[in-house]
Amino acid sequence: MNADRIQILVTGGTFDKEYNELTGELFFQQTHMADMLRLGRCHLDVDVETLMMIDSLEMTDTHRQTILERCDRTAAARIVITHGTDTMEQTAAVLGGSITAKTIVLTGAMVPYTFGSSDGLFNLGTALAFVQTLGPGVYVAMNGRCFRWDSVRKNRELGVFEAAPHPAR
């Protein structure tokens, strides 16, 4: 594996949801990652792997363990994970408590990519930039900002991620 290659792990979330115009329901079909990388004119060496396609509200400890194991197994030192925003902090905490020698950035979207007004393309671009520039650790990149895994929270009232106080160490 190329030492500069970035591993992108897809787990689902709003990033990859589709809209059923007849029922109004959101559902998963396949990832939009290849289209997003093409539209963003990405020239990075990336390897995209779909681990699962689920809403993060349905994510269990077993799913998080699968993500952790895949991050441990990959030869890549830099990893971007697309993830639903509702439980992104929990997955970041699982990874942050276990992985210290790799740079991992979780990102997501508040609006599905297929809606055309999604924040997903912007968030993916910033995650790819952050994963190349930050040192080892686990981070969450949303809305142009980046937070350490142990100092981030989703503000559900405002629909944004923000800094949270560091826990006592």
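Our subject is the structure listed above.
Residues numbered from 1 in each chain as written. Predicted model: local features only at pLDDT ≥ 70, side-chain atom pairs only at ≥ 80, totals over all residues. Heavy atoms only, no water.

All right, on to the overall build of the protein chain then. Assigned secondary structure in the protein chain consists of 4 helices and 10 strands. Starting at the N terminus and ending at the C terminus, the protein chain contains elements arranged as β-β-β-α-β-α-β-α-β-α-β-β-β-β. Counting only residues that meet the buried cut, the protein chain has 47% of its 169 residues in that class. Counting contacts in the protein chain only where the partners sit at least 6 residues apart, residues at least 24 apart contribute 62% of the total. (Helix = DSSP H or I, 4+ residues; strand = E, 2+ residues; numbered from the N terminus. Buried < 20%, exposed > 50% of the residue type's maximum accessible area, 1.4 Å probe, protein only. Contact = heavy atoms within 4.5 Å.)

Take the nonpolar core next. Ranked by internal contacts, the top residues of the largest apolar core, which has 21 residues, are C71, I81, L95, I104, L106 and V140. Among the secondary structure elements, those contributing two or more residues to this core are β4 (46–54), α2 (61–73), β5 (78–82), α3 (88–96), β6 (103–107) and β7 (137–142). Those residues in contact with L106 that sit more than four places away from it in its chain are I81, H83, M88, T91, A92, L95, V138, Y139, V140 and A141. (Core = buried A, V, L, I, M, F, W, Y, C linked by side-chain atoms within 4.5 Å.)

The next point concerns the pairing of strand β9 (residues 152–155). Examined bridge by bridge, β9 and strand β10 (residues 160–163) share 4 bridges and lie antiparallel to one another. Opposite R153, over in β10, you have E162 as the bridge partner. As consecutive antiparallel partners, β9 and β10 are separated by 4 residues, and within that stretch G159 has a phi angle of approximately 70 degrees, a positive value. (Pairing = 2+ DSSP bridges.)

Once that is clear, we can look at the sheet that holds strand β8 (residues 145–148). Within the open sheet, the 6 strands sit side by side as β4-β1-β5-β6-β7-β8. Their pairing is mixed. The open sheet has two free edges, formed respectively by β4 and β8, since each of these has just one partner strand. With strand direction ignored, the average angle separating the axes of adjacent strands in the sheet is 20 degrees. Relative to β6, β5 runs parallel, the two sharing 5 bridges. Among the inter-strand pairings, V80 is bridged to a residue of β6, identified as V105. Packed onto the sheet, α2 meets β1 (6–12), β4, β5 and β6 and runs at close to 170 degrees relative to β4. (Axes fitted to C-alpha atoms, helices over the stretch in contact; angles between N-to-C directions.)

These results come straight from atomic positions and should not be treated as a statement about function.
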